[in-house]
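Descriptive analysis of the structure
Chain by chain, the residues:
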Amino acid sequence: MIFGFEKLQGGYDVPMRVVGANVPYEWLIYILMFIPIGIFLYGFYKRARVWYLAKGELHRNDKAGARIVSWLVFSFAQARVIRKPLAGWMHAFLFWGFLVLALAAGVDASHFWLGWPHIEGSSYIGFSAVVDILGLLALIGILVLAAIRYIQKPERLNDTRAEDGWMILLIFVILLTGYFIEGLRISAQIQMSATLDQIAYEQLASPIGWLFASLFGGMTVDSALMWHRILWWFHMAIAFAFIALVPFTKLWHIFASMLNYAFRDLEPSACRMVYNIEEATSFGVENIEEFGWKDLLDLDACIRCGRCQENCPAFNTGKHLNPKVTLIQAMKNHLDAKAPYLLEAKAGGAAEVEEMAMTEEAEATNPMEASLIYDIVTTDVIWDCTNCRACMEHCPMFIEHIPKIIEMRRNLVMWQGDMLGEAQMAFTNMERNYNPWGVGWANRAGWLTERGVREMVNLLPEDGKEFEYLLYAGCAVSFDDRYKKVGEALVRLLDKAGVSFGYLGTEEYCCGDSARRLGNEYLYQTLVQQNLESFNNYGVKKIIVVCPHGYTALKNEYPQMGGNFEVYHYTEILAKLIAEGKLKANKSLAAKITYHDSCFLGRHNNVYEQPRTVLKTAGCNVVEIEKGKNFGFCCGAGGGRMWLEEEAVEGYKRINDTRTDQLLVPEPEMIVTNCPFCLTMISDGVKAAEKEEQTKVFDVAEILWKAME
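Computed from a predicted model, the values in this text were never measured in an experiment.

1. Quick word on helix H19 (residues 401-416)
For H19, built from 16 residues, the straight-helix expectation of 22 Å at 1.5 Å per residue is met to within 8% by its first-to-last C-alpha distance of 22 Å. Immediately downstream of H19, the backbone of Gly417 shows phi near 65°, a positive value.

Printed below as a string of structure tokens:
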């Protein structure tokens with residue numbers, strides 16, 4: 001009926017609800033719904049146009065099956081979101097509540113457009129009850145999230161905006177009015193029923209609505225029916241407003257995040273490869289549009305939850321870098337401001353772009369004149385990053401922070417020639433002597449004799465014996481006096497277990513990790529080519545790597561240049577030898593220790609348990625600290641920052657001192673690391689804390705060897 005409507009009845013003989021009952025012109029809603037849907041699609045089109053401004057190549061069209069699974073698991077199971085239990089589960093309640101309510105609305109629309117019959121009987125009771133209860137969970141979720149943001153006020157939400165409050169209010173009103181409408185309907189039906197039993201099925205079908213109905217028990221039937229109509233139309237109006245606002249507000253993260261889940265990086269942690277570097281006409285990224293489309297999608301997916309900054313060692317020690325504010329949101333604001341100019345230029349409107357830039361307002365704020373790496377993100381932010389991966393590990397949207405920083409470093413180093421003096425010195429050392437310390441390359445195998453293990457090692461250039469594993473000792477074992485002891489302990493352990501291994505000596509070169517992560521991709525690729533030549537000359541198939549930075553490079557990044565080998569960190573090999581019974585402790589150290597998870601072994605490669613297995617075999621009492629495993633706090637030396645000076649910010653300590661303080665809380669006898677950089681930084685931290693007498697710093701290999709001596 002065009003002008004009439006179906007009247008509401010009391011209880012039905014079969015449990016059911018008539019869609020649109022008591023609502024005049026209810027049919028009109030199914031016509032009007034195309035307005036917000038059209039606005040939504042237009043907004044989606046506008047955002048997609050911005051993503052397609054990207055010039056950088058970033059293909060994510062492989063592994064379709066894995067991408068579908070990723071989309072399902074992280075969108076619908078909210079697997080990353082619920083890692084932060086309270087806020088995560090409340091968000092999951094809100095997500096699923098809205099999803100099921102949208103499904104229910106779709107079922108209602110299907111009655112009009114497809115002529116589907118009403119859901120009846122037990123199906124109605126079950127479906128309605130699920131919708132009712134999940135709607136309540138969504139209501140609870142939005143209230144708790146509001147309390148977290150406006151009452152608890154955690155530091156990670158330090159950039160709350162007015163828009164956040166309005167969106168929370170809109171969602172709350174949509175959910176609450178839905179229950180008011182349901183309560184008014186049930187209240188009227190109770191009064192219109194001959195007996196309460198006639199409508200009793202609603203207690204099961206709409207348990208929350210039944211409770212709301214009690215609020216309107218004093219209303220007459222006519223009043224209940226009138227308010228039911230008014231609130232129904234109001235509810236639909238704000239629900240349509242919600243749909244229309246999605247692409248233009250922070251609500252857009254709902255769909256941007258789903259795309260991010262589908263197109264996230266499925267490969268092991270690695271820097272992006274620069275192919276055909278000899279033919280490149282520019283390096284890195286200087287302008288926002290030079291990033292790949294996924295990088296621009298990342299900016300839209302950011303919900304400003306602050307989990308990245310909460311775990312960032314640079315931010316937590318007062319540095320300029322805040323992965324949320326000074327990196328991702330700064331880039332997003334810049335992109336939003338610059339996009340209209342870029343879109344106009346892409347459409348061929350050069351004159352219009354010039355006119356836009358010439359306006360009085362634009363003269364001072366023209367984003368086309370702003371430099372991404374000097375004005376927007378700034379070089380301080382770019383160099384502060386330790387590449388610890390905490391931001392990427394804890395971001396619920398899989399935003400890729402580190403690749404963006406690396407690309408901007410590449411531009412600074414290889415294109416602008418603008419780098420810190422310490423970085424330039426490290427590059428020079430790697431170019432001349434194939435190690436960042438700058439010690440003569442001819443002494444690379446000298447540590448074998450110095451530490452008395454030469455006879456245990458198959459030095460390939462001299463001995464040339466058959467071997468199963470190549471020991472890639474790395475620069476620290478060769479040139480750092482303290483870490484030579486770790487190399488010695490590992491060699492003795494491998495020899496005792498009867499492992500067949502070879503060592504390249506002077507034909508081993510720096511892995512290139514520091515060069516790459518500081519932005520010198522050309523130097524990195526040169527070093528890789530030299531190592532690959534050595535590996536191939538000796539028929540290397542399996543490699544044991546001492547340093548986690550070299551481990552990440554050889555395992556995850558060398559395959560980009562054709563270097564495909566079985567790569568193990570030495571702690572993985574030691575754990576394997578222990579499991580096989582080839583290594584057994586002769587005594588229990590019975591020491592109370594704290595263990596530092598290095599970022600590149602932990603978050604970059606998910607190796608957490610093997611080092612702990614080795615330490616427990618040695619009889620150590622490993623005391624787990626709050627900032628451990630994937631929540632571990634960086635030592636400050638990653639991302640090439642081992643070679644850069646760090647000045648403490650007023651009111652804060654340096655990163656390594658901050659980490660050391662965390663490790664010292666349980667008052668351990670020893671702090672144990674698995675990385676040469678970490679060993680250096682934590683040792684310096686213990687000295688700064690004046691705890692050298694109480695707490696010693698060792699590497700995992702040293703601990704196991706102590707238990708076997």
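Let us keep going from here.
2. Here's the deal with the pairing of strand S8 (residues 670-673)
Regular strands place their side chains on alternate faces of the sheet. Residues of S8 alternate between two faces, with Met670 and Val672 on one and Ile671 and Thr673 on the opposite face, all of them buried. Bridge analysis of strand S6 (residues 592-595) against S8 gives 3 bridges, and the strand direction is parallel. What sits directly across from Tyr595, in S8, is Val672. Traced from S8 through helix H30 (residues 676-688) to strand S9 (residues 696-699), the parallel crossover comes out right-handed.

3. Section: the side chain of Arg444
Mapped onto the fold, Arg444 is located in the loop between helix H20 (421-433) and helix H21 (446-450). Take Arg444: its relative accessible area is 1%, and that puts it in the buried class. Within the local environment of Arg444, its side chain forms a polar contact with the backbone oxygen of Tyr434, the two atoms lying 3.4 Å apart. With residues up to four places along the chain from it excluded, the contact list for Arg444 reads Tyr434, Asn435, Gly474, Cys475, Ser478, Phe479, Tyr503, Gly505, Thr506, Glu508, Tyr509 and Cys510.

4. Focus: empty space enclosed by the protein
Counted under the stated rule, the structure contains 4 cavities of 30 Å³ or more. Computed from the structure, the largest cavity encloses a volume of approximately 180 Å³. Cys475, Cys510, Cys511, Cys547 and Phe677 are the residues nearest the centre of the largest cavity, which is lined by 19 residues in total. Of all the elements in the fold, those that place two or more residues in the lining of the largest cavity are helix H22 (474-479), helix H24 (513-517), helix H26 (548-557) and H30. Broken down by element, the lining of the largest cavity gets its largest block of residues, 3 residues, from H22. Of the residues that constitute the lining of the largest cavity, the class distribution is 14 nonpolar, 4 polar and 1 charged.

5. Things to note about the sheet that holds S8
Spatially, 4 strands are ordered S7-S6-S8-S9 in an open sheet, and the strand pairing comes out parallel. The open sheet has two edge strands, strand S7 (621-622) and S9, and neither has a second partner. In the sheet, S6 pairs with S7 via 2 bridges, with the strands oriented parallel. By the bridge assignment, Ile593 is partnered in S7 with Val622.

The rules we used
- Residues numbered from 1 in each chain as written.
- Predicted model: local features only at pLDDT ≥ 70, side-chain atom pairs only at ≥ 80, totals over all residues.
- Heavy atoms only, no water.
- Helix = DSSP H or I, 4+ residues; strand = E, 2+ residues; numbered from the N terminus.
- Expected span 1.5 Å × (residues − 1).
- Buried < 20%, exposed > 50% of the residue type's maximum accessible area, 1.4 Å probe, protein only.
- Pairing = 2+ DSSP bridges.
- Right-handed = clockwise from strand over helix to strand, strands pointing away.
- Polar contact = N/O pair within 3.5 Å; in protein donor to acceptor, adjacent residues only side chain to side chain.
- Contact = heavy atoms within 4.5 Å.
- 1 Å grid on protein atoms, 1.4 Å probe; cavity = no way out; pocket = protein on both sides within 12 Å on 5 of 7 lines; lining within 4 Å.
- Points joined across faces, edges and corners; volume = space filled by probe spheres on them.
- Nonpolar A, V, L, I, M, F, W, Y, C, P; charged D, E, K, R; others polar.

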